[in-house]
Amino acid sequence: MAKFDIIAATGCPTGIAHTFMAKEALEKAAAERGLTIKVETHGQVGVENELTKSEIAGAKAVVVAADKDVQAERFAGKPMVSVGVSKALSVEAAGKLIDRALAAKGDDTVAAAADVEDEVEEKESIGHVIYKHLMNGVSHMLVFVVAGGVLTAVSFLWGITSFDSTAADYNSFAAMLKIIGGTAMNLMVPVLSAYIAESIGKRPALVPGFVAGMIAIQGLPVNAETGMIDAGGAGVGFGFLGGIVGGFLAGYVILLLEKVFAGLPKNLDGLKAIFLYPLFSTAIVGLVMLGISGPMAAINTAMMDFLKGLSASGAVVLGLAIGCMCAFDMGGPVNKAAYVTGTAMLTEALAAGVGTDTYNFGTNFMAAVSAACIVPPLITTFAVIVGKKYFSQEDHDAGVVNLILGCTHITEGAIPFMTKNIWPVMPIMMLGSSIASILTIMFNVHDPAPHGGFLVLPVVENGPLWVLAILIGAVVGGILFVAFKKYDFEKNQKAAPAAKPVEAPKAAAVESPKAEAADFVKVENVFVAEDFASRDEALSFVSNQAVKAGIAGDADAVMNAFLAREAEGTTGMMEGFAIPHAKSDAITEAAVIVVKDESGVTGWDTMDGAPVNVAIALLIPGAQAGTTHLKILSKVAEALMDQDFRATVKGSTDAAEIAKTINARLV
């Protein structure tokens, strides 16, 4: 059985994007540190890559990055860090989590070096614990909402009243679809409540959790004639909020009962599980839920009235609130709060029936939420197509894929773009989403389906206007995103013109009998004051400089050649050096371009794990791949073995001196 240095478990509420982004980041961070890792994912399809008992026992440390229950009790006694999934979405952040997990094994000197903030996070905060329990319920609930909502919406294709056997547009198949969809939607609150409870009290909490959810739907039944509690009467439900309260109540009641019955003999464990826990917990939770039904119903009504009042303030106010929440963390807790509120409003809308004010408001609210969630990925798609030269090939490919993600209501594809530049990318995304939400409300769009993006367009009322609202938001956001990337790109090139005046006098200074070799590295192709966020940004800069210098004709082709070589094996060396090389027919003459970043380029795999400060990039025409390329590469590699050479190049800020030093080694 294989052993792993690190084991990890990741999970987000929807189990679609964050779960697997965190997995990839942890795997890359472990590889950078020379560690083996196995990551178990808790996605929408269930648990994948499941950890075994022997793998858990053999691991040095554990990282839990999840906003749902991943059965962390399995790791009891192991050095462990537990945080929300959003804390592990980048390689850098994931690396810090791994370092903290390893430090937790008892090395006081290492642990003391951790930031105070990290030490606080390591002891899982009460807020995160509550959020994790809540999101466990939400993740199980969403699939019921999506299935039920979409089936109900599809039933409307035969007519708004096609489920009614007395209506002119009645259709029996449509009626069955609405029955199935309504049944699934009615399970939303009980499932939410049950799995919040299960996250807290495990399997025994499911029974009181489901009961609490059902009571939240039905409320306290009262006889209309006598005004007294009557099992045959009717009550006022308190919905979504009641389900949350009931879930937490059921979970913690089970924990309380475990302590109460802890003194019973061990041979009565079976009796506790099958009789005592369900009986007492259901009675306690049921009585409390019925007792608070009045106040909870009032709170639920007040919340709905508040949202409707917000709408009365105008489309701009409501749309701005929805758009900013949905784009703030793109799939995180704020986004989920907006989305779950939308699904709760939609549930009430579908229950109220077509044509009612509740239906009109709920479906309009859901349309605005969906529009706001669709826009961020489409902003990146627009930006990488219109401003292609300002993005790395990796970002370009991700942006194109985001077209599919955005159109299917998956917001998380925009996260990597935002994490690279939170300011101003986050405000740009929030503005684009807000524009789409505001226009959706103004255009009176109604969406009776809670998910699916453009796939549910046939059931959306005023669908073409909805698409228009989304496209306007995406284009406005995309233009602003391109403008930012253009500014950032031009800022990175500012060192190039400053070096040109030095070219003439220095060319004579390096004159030698072997002038061709001595002039190989041009002073104007040495950039000493750059600041790159990643390896790909550095390589993109080199590719664009090659085109500007007349060395190549197509920056994208050069970039692809660089990335192809990196895929074969990293060109990162040691002590802050890298020798990336591109072989392409787009390159017209062999050349060397040197870039320096004093702060260091992180994320570039190197032999000693250090960031890259100096990249000596070789650009070779395709026809010379087996001749010039090998000769130059071998000479550069030999030079890097010389400590004096490394010290001179790394320590100098003079482009001419660096060019002269490298040229001397290419002779």
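For the structure itself, look to the data block above.
Here's what I pulled together on the structure shown here. All of these numbers come straight from a predicted model, not from anything done at the bench.

Rules of the game
Residues numbered from 1 in each chain as written. Predicted model: local features only at pLDDT ≥ 70, side-chain atom pairs only at ≥ 80, totals over all residues. Heavy atoms only, no water. Helix = DSSP H or I, 4+ residues; strand = E, 2+ residues; numbered from the N terminus. Buried < 20%, exposed > 50% of the residue type's maximum accessible area, 1.4 Å probe, protein only. Contact = heavy atoms within 4.5 Å. Areas by Shrake-Rupley, 256 points an atom, 1.4 Å probe, with all protein chains shown as cover. Salt bridge = Lys/Arg side-chain N within 4 Å of Asp/Glu carboxyl O. Phe/Tyr/Trp six-rings, centres within 6.5 Å; stacked < 30°, edge-to-face > 60°. Lys NZ or Arg CZ within 6 Å of the ring centre and 35° of its normal. Pairing = 2+ DSSP bridges. Axes fitted to C-alpha atoms, helices over the stretch in contact; angles between N-to-C directions. Core = buried A, V, L, I, M, F, W, Y, C linked by side-chain atoms within 4.5 Å.

## Let's talk about the overall build of the protein
When helices and strands are counted, the protein shows 27 helices and ten strands. Relative to its 667 residues, the protein shows a buried fraction of 51%. The contacts in the protein between residues at least 6 apart in sequence include a share of 70% that link residues at least 24 apart. For the protein, the accessible area works out to roughly 28,700 Å², and carbon and sulfur atoms hold 63% of it.

## Observations concerning the pattern of salt bridges
Under the definition given, this model contains 15 salt bridges. A salt bridge links Lys596 to Glu598; the shortest N-O distance between them is 3.5 Å. When salt bridges with common partners are traced through the structure, they connect Glu32, Arg33 and Asp99 into a single cluster.

## Observations regarding the packing of aromatic side chains
The final tally for this structure, using the stated rule, is 13 aromatic pairs. Taken together, the ring pairs connect Phe261, Tyr277 and Phe280 into an aromatic cluster. Directly above the ring of Phe163 sits Lys178, whose terminal nitrogen or CZ lies 4.7 Å from the centroid. Lying over the aromatic face of Phe391, Lys485 brings its terminal NZ or CZ to 5.2 Å of the ring centre.

## Some details on the sheet that holds strand 3 (residues 46-48)
One open sheet accounts for five strands, arranged 3-2-1-4-5; its pairing is mixed. Of all the strands in the sheet, the pair left with one neighbour each is strand 3 and strand 5 (80-83). Sheet twist, expressed as the average angle between the axes of neighbouring strands with direction ignored, equals 10°. Helix 1 (residues 18-32) rests against strand 1 (6-11), strand 2 (37-43), strand 3 and strand 4 (61-66) of the sheet, and its axis sits at about 175° to strand 2. In the packing of helix 3 (residues 91-103) onto the sheet, contacts are made with strand 1, strand 2, strand 4 and strand 5, and the angle to strand 4 comes to roughly 135°.

## A few points about the nonpolar core
Membership of the largest hydrophobic core comes to 61 residues, with the highest contact counts inside it found for Ile6, Leu26, Val63, Ile98, Trp466, Ile470 and Phe481. No other element matches helix 15 (residues 357-386), which puts eight residues into this core. When sequence neighbours within four positions are dropped, the list of residues in contact with Trp466 reads Ala367, Ser370, Ala371, Ile374, Thr440, Val445, Asp447, Gly453, Phe454, Leu457 and Val460. Phe156, Leu276, Met345 and Ala372 belong to the second-largest nonpolar core, a separate cluster that totals 57 residues.

## Topic: unusual backbone geometry
Comment: phi is negative for the bulk of residues other than glycine, and the bulk of peptide bonds are trans. Following Trp423, the chain continues into Pro424 via a peptide bond in cis, with omega recorded as 10°. Mapped onto the elements, Pro424 comes out in helix 18 (residues 422-442). A positive phi angle is found at Gln71, which is not glycine, with a value near 55°. Among the secondary structure elements, Gln71 is positioned in the loop between strand 4 and strand 5. Residue classification places Gln71 among the partly exposed residues on the basis of a relative accessible area of 29%. A positive phi is found at His409, a non-glycine position, where the angle reads about 70°. Structurally, His409 is set in the loop between helix 16 (393-407) and helix 17 (415-420).

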